[in-house]
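# Residue-level structure breakdown
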Amino acid sequence: MRALIRTLVVAAVMMGGVAPLRAAEKAPPQEPVLRIEAGMHTAAVQAISVSADGKLIVTGSDDKTARLWSLADGKLLKTFRIPVAPNWGGRIFAIALSPDGRTLAVAGYDANFAYNGGGHFVYLFDTVEGRLTRRLGPLRNIIGKLAFSLDGTRLAAGMWGSFGIAVWDAPFTQQPFIDALYANNVLGLDFAPDGSLATASWDKHIRIYDRSLSLVVKAKAPSDDWPQSVAYSPDGSNLAVGYYSAKVVDYVSPKDLKFVAKADASKYANYGIAAIDWRADGAVLYAGGQYYAEGSIFPVIAWGQGATTYFYPPEGPHDTMTAIVALPNGGLAYSSVEPRWGTYDSAGRPAITYAPVIADMREKITGNLWSSRDGSAVWFGLARGKGNPFLFDINRLSFDSRPEIPADFITAVTDRLDVEWNGQIPAKLNKKPLQAVTQWVSRSLAMVPGETNFMLGTDSTLDRFDETGQLKWRVWPEGAAHGVNMTADGKIVIATLGDGTIRWYRASDGVELLAFFVHAPDRKWIAWTPKGYYAASPGGEDLIGWLVNGKTWDDIPDFFPASRFRDRFYRPDIVQQVLITQDEAKAVQFADAAAGRKTGDQTIQTILPAVVELAVDSLEIKTDRRDIEIPYKLRSPSGREITRLEVLIDGRPVTTRGVVSIEDDAEVKTLSLSVPPRDSEITLVAYIDEQPGVPVSIPIRWTGEGSAGKKPNLFALIVGVSKYDDTSLRLNFAAKDAEDFAAMLERQRGVYYKDVEIKLLLDGEVTEKALQIELTKLKNKSTENDNVIVFMAGHGVTTPDQDFYFLPTDANIEPDMLTATAIDGDIVRKGLSKIPGKVVLFLDACYSGNGIASGRSAVDMTGVSNSFSSNAGVVMFASSSGREVSYEDASYENGAFTEALLSIFTDPKAYNDDKLLSIAELDEALTTMVDQLTEGKQTPVMTKPGAIKRFFVAAM
C-alpha cells in the first residue's frame, strides 16, 4: 500500500489531475470497452460504507466498479458503474452510503477529466432503482474521500492536492461550500452526531468545522506524520486520528484538538495505522492499515477496555487494509488491497469473507513464470510466487493443475545487463536512474532475446528500453506488471498483471494480442483478443463483457456480458491463431478461411442487446398473495426492435397474463404474474430476435402460507444411440447407458418424487421429429414444481460455425451431408427453454474414444455447455469439457460418465445428512469419479445460470 498511495500522488500530478472549474464537456468516449466481471472486485478495494441499520454495505474499487451487498448473507445486490476512459479514467477511490441506504455517492479519478480535461465529479445513485440521480461538481482534483452526515442531510468530499474540501446540503442541487485553504491531500473526513465535521490532511493538520461549516479550530496533528483518517466516537466526545506511516493512533479533544492520549502500536506494528473506527458502543477503537504480523496477515487491533486484542483469523486480509467501518451489532467490516472485503462479529469471528477471486500475480519474476518457447503455453502459480501452479495451453484450450514445470519451458533472463530493479524507485541501468520510471516501483524484468533491449514491469507501466536506457514503448496495463517473460525469438512479451490477467504483447511495438483471466476459486477461465474474440471454459464466458458509456455524462454505462454476443465472438479458432500471426486481423482472416466462414463487419454498437430495467421501490418484493405486478422499462441501445420479454421464476419460464408490452420508450410498464408460495426470484430478459439481453432480477419474499413438504414429480426423456449405420461411429454402451440411467431414475418413485414418468428412445427411435414431440410433451406435462431430466448419450458434432448436432443412427458426418442427416441442437435447446420447472440436461455426446477419430470431427462441448446453460436456462452436466474424448469401458459396461452417475445416485456416501442429492453435490462427485475412472483423461463439467437456485435431484 505504501507504493500504491505514492503512485496515486505522483499520478495525480503526472496525469494532470488538476481540472479547471469550468470546461466544455465532450460526450463520453463511445467506443465499447472490454472489462472483467468476476462477481467480485479485481483490483484494490479502496473504500467501504455501511447503512445505519447494518443491512447494506458498499465497496468501491480501482476496477472501476462499486458494489452493493447484503450484510445478512453477503449476496451481491447491484453493481454500479460510472463513465470510464482509458488508463485511470473511472477508477473509484471514494464511496459513501447515506444512513438510510438509499443514496450512494461515488467518486475518484473522473473519466470526464481523463478524457477531455473536465472536472472531477461525485456521482449519486439511487441504490434501489440503480439509476444515476445527479452529478455533483465539477471539482478541481481527484476525490479521495466521501462522507455523509449522520442524518444524511450533508455530503462532504476531500480532494487530492491543495484543493481542500467541498460540502453539499441535501437535496444536493446547490453549489457546495468549499474550503481550499489546504496544502495537501484530504483523505480523512468524519461527521459528529451534532453535525460538526472533522478533516485530516497530509498537510499534517486536523480541522474542525461546526454545523454552519465555520472553521472552529485547526491544529497540527500530535504525531509528526501524514494524518489519513479521523473518527468521532459514537457520542462525539472523542476524536481518533490515524496516520499513513506512524505506528500510533492519537486521541484528541474534538473541541480544541488538544492531545488526550496515544495508542502506541510500535511494539507490534511495522508501519502505518490509517484505517480506524469506533465500535458501536464507543468502548473500543478498531484499527488496521499497512502493518502486518507473522505470516503476512494484516490483523485488526481492538484498543479499549484496558486491553489490546488482535484478530488473527486466516480468512482475514493478507494485504493493506484500506478501510474499517464499525457495524451496529458491535462487529466491523473491512476492505483491503488484495482485493478482499469481509466482516467480523462482535467476538472477532469472521462472518462474511470475500477473498480474492483473481490469480495472485505478485512475485511472478524469473523462476516463477515460465512459458513454452513460442508463448502458447504458460506455467504460473494461482497463489503468490509459484504457489499452486497451473498450466494454460492455448493450443489445447486447457487449464490444468501442473506441479512440475514442463522440461522445455523457458523463464526470463535478467542478468545480461546491469539493471537494478526489484522493488526499487527508480530502477537503474549501469548505476544510473532510468528517467522514464522515477515515480514507480519496479516489479519485473526480462531481457529481449537476441537484442540488448529489456522489458521492465512497474506498478503502473510495462516498458521496453534499449541498452542506453531510452524508452522504446510503454503500455498502461490494468494493474502492476508483477511478472514478465519473452518468447524464445523475442517477438512476444508475456506479462502477469495485478488484475489477475496474463497478457501477450507484440514485442516490436507493445500492441496487445491476447489476454487470459481465470476465476481462481472455481478455475473457470476466458481468453480474448482486443476486439473481443474469445475462448472460454464451460461457465467462463461471462467473466468479461462490453462496457458502453452513455451518450452523456449524466447517463450511466451499460454492461453486456460476452455471452450476449456468442454467435459472433465465440471464436476459439481466432484465439489459437493470434499468437501465430502476431496480428489480430490476420488471425481472423486465417481462421475464417479455415472454417469457411466470414466474420461480419458490424460494430458492437449496432448489435447491442435490449435492456430491461425494474422500476421498483425496494430491493425485494414482500407478498402473501400469489398474484403480483412488476413494473419495468425497456430500451434498445442499438435502436433495433425489441421482439419479446421473457419472464422467469428461479430461472425457469412462466406465463404472464395480459399483454406484455415490448415497446422501447421511457414509460413504465407493468406485467402481472403468479408466484409460487415460497421465497423465489423473478428474472426479466428482453430479446431482440434470438439475442437475449442482460437478465435483471428481484427476490420475492413470501410471507403467506407455504407449500413445503409436497413432493415434486419427475418427467424424464432418456435417449441413447449406439447402432450407427456408419460402422465407424458405432458405440458399445450408449443405448445401455440410457436404459441403465432410466432404470435408476425409476427407483426414485415414491422416494424423492411423488411419481416418475420416463420416455426412453433408443437407436433408430431417435429422430428429430421424435425429440420435438417428446420435448413438447414435457412442456405440457410439467409444472413449476416438477423436475425434468433429459439424458442424451451418443455422438455429437460441432460445425466450424459452432452449431451443435446430435447424431441419429443414419447420420452422415461428411460436411455436405451433416446438417441434412443430423439432429439440430437448436431443436433440443429451444425445446428445453420452454419447459417449466427445474430442468437438468445430461449430455454424453462428445466424440468417443472408440468412435469418431479426432481428426475427422468433434464436438466443442464448451460452446455447447455455455449455449444450453445461458440460452435454454437449464442446469447442464456435460460428460467432458472442451474437445476431450468421452470414454466407455467394457469392464463396467457403460460410458465413464454414466457409470459415475449410476454409482453416485446409489451411493449413500454421496448424500449429506439431509439424505438429499443436490446439483452441487452431484457436480463435485461426478468430477471426482470420472477423473478416477479415466485416469484424468476426461473431466465432466456442470454449467448453471445464476438465477437457478440450489435444488435436489434424488433422495436416499
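Residues numbered from 1 in each chain as written. Predicted model: local features only at pLDDT ≥ 70, side-chain atom pairs only at ≥ 80, totals over all residues. Heavy atoms only, no water.

Attention now goes to helix 7 (residues 768-781). Taking 1.5 Å as the rise per residue, helix 7 with 14 residues should run 20 Å; its terminal C-alpha atoms sit 20 Å apart, in good agreement. Within helix 7 the residues assigned to the buried category are Ala 770, Leu 771, Glu 774, Leu 775 and Leu 778. Considered in projection along helix 7, the buried side chains sweep an arc of 125° and stay on one side of the axis. Those residues of helix 7 that are exposed and aimed more than 90 degrees away from the buried face are Lys 769 and Asn 780. Those residues of helix 7 that are buried lie in contact with strand 59 (714-720), strand 60 (756-762), strand 61 (787-793), strand 64 (823-824) and helix 9 (825-833). (Helix = DSSP H or I, 4+ residues; strand = E, 2+ residues; numbered from the N terminus. Expected span 1.5 Å × (residues − 1). Buried < 20%, exposed > 50% of the residue type's maximum accessible area, 1.4 Å probe, protein only. Arc of directions from axis to C-beta. Contact = heavy atoms within 4.5 Å.)

Before going further, it helps to spend a moment on the pairing of strand 2 (residues 45-50). Within strand 2, six of the six residues are buried, leaving the element largely enclosed by the surrounding structure. Alignment of strand 2 against strand 3 (residues 56-61), held across five bridges, turns out to be antiparallel. Within the sheet, the bridge partner assigned to Ala 47 lies in strand 3 and is Gly 60. Hairpin connection, strand 2 to strand 3: the antiparallel pair is bridged by five residues, and Gly 54 has positive phi, about 70°. (Pairing = 2+ DSSP bridges.)

Okay, the environment of Leu 382 next. Tracing the backbone through its elements, the reader meets Leu 382 in the loop between strand 31 (377-381) and strand 32 (389-393). Overall, the relative accessible area of 7% leaves Leu 382 in the buried class. When the C-alpha positions of Leu 382 and Val 45 are compared, they lie 20 Å apart, and in sequence the two are 337 residues distant.

The buried fraction of helix 11 (residues 896-905) is high, at nine of ten residues. Among the residues of helix 11, Ala 896, Phe 897, Thr 898, Glu 899, Ala 900, Leu 901, Leu 902, Ile 904 and Phe 905 are the ones counted as buried.

What follows is about the pattern of salt bridges. Evaluated as defined, the whole model comprises 48 salt bridges. The closest approach of N and O atoms between Glu 129 and Arg 102, which form a salt bridge, is 3.9 Å. Residue Glu 129 is located in the loop between strand 8 (120-126) and strand 9 (132-139), and its partner Arg 102 is located in the loop between strand 6 (91-97) and strand 7 (103-109); the two are separated by 27 residues in the primary sequence. Taking relative accessible area as the criterion, Arg 102 reaches 24% and is therefore assigned partly exposed. One salt bridge in this structure joins Arg 207 and Asp 203, with 2.8 Å as the shortest N-O distance. Like Asp 203, Arg 207 is buried. One connected set of salt bridges, linked through shared partners, spans Arg 102, Asp 126, Glu 129, Arg 131 and Asp 617. (Salt bridge = Lys/Arg side-chain N within 4 Å of Asp/Glu carboxyl O.)

What follows is about unusual backbone geometry. With an omega of 5°, the peptide bond running from Gly 137 to Pro 138 counts as cis. Here the residue pair Ala 170 and Pro 171 is connected by a cis peptide bond, since its omega of 10° sits within 30 degrees of zero. For Pro 171, the position within the fold is in the loop between strand 12 (165-169) and strand 13 (177-179). Its identity as a non-glycine residue notwithstanding, Glu 363 has a phi of 65°, on the positive side.

With that settled, the discussion passes to the sheet that holds strand 48 (residues 544-548). Read across the open sheet, the three strands follow the order 1-48-49; overall the sheet is antiparallel. Looking at strand neighbours, the two that pair on one side only are strand 1 (33-36) and strand 49 (558-561), the edges of this open sheet. Each adjacent strand pair in this sheet contributes to an overall mean axis angle of 35°, direction not counted. Here strand 1 pairs with strand 48 via four bridges, running antiparallel. In the sheet register, Ile 36 faces strand 48, and the bridge partner there is Ile 544. (Axes fitted to C-alpha atoms, helices over the stretch in contact; angles between N-to-C directions.)

Before going further, it helps to examine the sheet that holds strand 27 (residues 332-336). Read across the sheet, four strands follow the order 26-27-28-29 without closing on themselves; strand pairing throughout is antiparallel. Two strands close off the open sheet at either side, each with one partner strand: strand 26 (321-326) and strand 29 (350-354). Averaged over all adjacent pairs, the angle separating strand axes in this sheet is 15°, with direction ignored. Bridge count between strand 26 and strand 27: five bridges; the pairing is antiparallel. Each bridged residue has a counterpart across the sheet, and for Met 321 the counterpart in strand 27 is Ser 336.

Moving on to the nonpolar core. Judged by nonpolar contacts, the single largest core of 83 residues is most densely connected at Phe 741, Leu 832, Phe 842, Phe 877, Phe 905, Leu 922 and Val 953. Among the elements that make up this core, the one with the highest residue count is helix 6 (residues 734-746) (seven residues). Residues within four places of Leu 922 in sequence aside, it is in contact with Phe 842, Phe 877, Leu 901, Ile 904, Phe 905, Leu 917 and Val 953. If you look at the next biggest cluster of nonpolar residues, it comprises 67 residues, including Trp 525, Trp 546, Ala 562 and Leu 579. (Core = buried A, V, L, I, M, F, W, Y, C linked by side-chain atoms within 4.5 Å.)

This next bit is on the pairing of strand 28 (residues 340-344). Counting buried residues along strand 28, five of its five residues qualify, which places the element largely inside the surrounding structure. With burial as the criterion, each face of strand 28 is covered, one bearing Arg 340, Gly 342 and Tyr 344 and the other bearing Trp 341 and Thr 343. Where strand 27 lies against strand 28, five bridges are found, and the strand directions are antiparallel. Bridge pairing in strand 28 places Tyr 334 opposite Gly 342. Connecting strand 27 to the antiparallel partner strand 28 that follows it, the hairpin turn spans three residues. In terms of strand pairing, strand 28 meets strand 29 through four bridges, oriented antiparallel. When the bridges of strand 29 are listed, Tyr 344 appears paired with Pro 350. Counting the residues in the hairpin turn of strand 28 and strand 29 gives five residues, including Gly 348, whose phi is positive at 85°.

Locating Asp 459 in the fold gives a position in the loop between strand 39 (454-458) and strand 40 (462-465). Within the structure, Asp 459 has its side chain in polar contact with the side chain of Arg 443 (distance 2.8 Å). (Polar contact = N/O pair within 3.5 Å; in protein donor to acceptor, adjacent residues only side chain to side chain.)

Now for the side chain of Asp 499. Looking at where Asp 499 falls in the secondary structure, it is placed in the loop between strand 43 (492-497) and strand 44 (501-506). On the accessibility criterion, Asp 499 (6% relative accessible area) is buried. Apart from the residues lying within four places of it in its own chain, the contact partners of Asp 499 are Ile 36, Thr 42, Ile 358, Glu 478, Gly 479 and Phe 517.

Turning our attention to the packing of aromatic side chains. One pass over the structure, following the stated rule, counts 37 aromatic pairs. Taken together, a centroid distance of 6.1 Å and an interplanar angle of 85° make the contact between Tyr 244 and Tyr 271 edge-to-face. Residue Tyr 244 is located in the loop between strand 19 (239-243) and strand 20 (248-252), and its partner Tyr 271 is located in the loop between strand 21 (259-264) and strand 22 (275-278); the two are separated by 27 residues in the primary sequence. Taken individually, Tyr 244 and Tyr 271 each receive the classification buried, so the pair is uniform in this respect. Within the aromatic cluster, the residues linked to one another by ring pairs are Phe 380, Phe 390, Phe 392, Phe 399, Trp 504, Phe 516 and Trp 525. Stacked on the ring of Trp 88, the Lys or Arg Arg 91 has its end atom at 4.3 Å from the ring centre. (Phe/Tyr/Trp six-rings, centres within 6.5 Å; stacked < 30°, edge-to-face > 60°. Lys NZ or Arg CZ within 6 Å of the ring centre and 35° of its normal.)

Here we take up the environment of Asp 224. Here Asp 224 shows up in the loop between strand 17 (215-220) and strand 18 (227-232). A relative accessible area of 59% places Asp 224 in the exposed class. A polar contact of 3.1 Å, which involves the side chain of Asp 224, links it to the side chain of Lys 204.

Turning our attention to the confidence of the model for the protein. Taken as a whole, the protein shows an average pLDDT of 90; of its residues, 93% reach a score of 70 or greater. Note on residues 1-15: pLDDT is under 50 here. Beyond four places in sequence and across chains, it has 43 contacts. Contacts from residues 848-857, a stretch scored under 50 in pLDDT, to residues over four places away or in other chains number 28 contacts. (pLDDT = per-residue confidence, 0-100.)

With that out of the way, let us pick up the packing of helix 4 (residues 572-581) against helix 5 (residues 584-595). For the pair helix 4 and helix 5, interaxial distance at closest approach is 8 Å and the crossing angle is 130°. With respect to their mutual orientation, helix 4 and helix 5 come out oblique. Helix-helix and strand crossings are classified by hand; for helix 4 and helix 5 the assignment is right-handed. On the side of helix 4, the interface is formed by Asp 573, Ile 574, Gln 577, Val 578 and Thr 581, while helix 5 contributes Glu 584, Lys 586, Ala 587, Val 588, Phe 590, Ala 591 and Ala 595. (Parallel < 35°, antiparallel > 145°, perpendicular 65-115°, else oblique. Left-handed = near helix turned anticlockwise from the far one by under 90°.)

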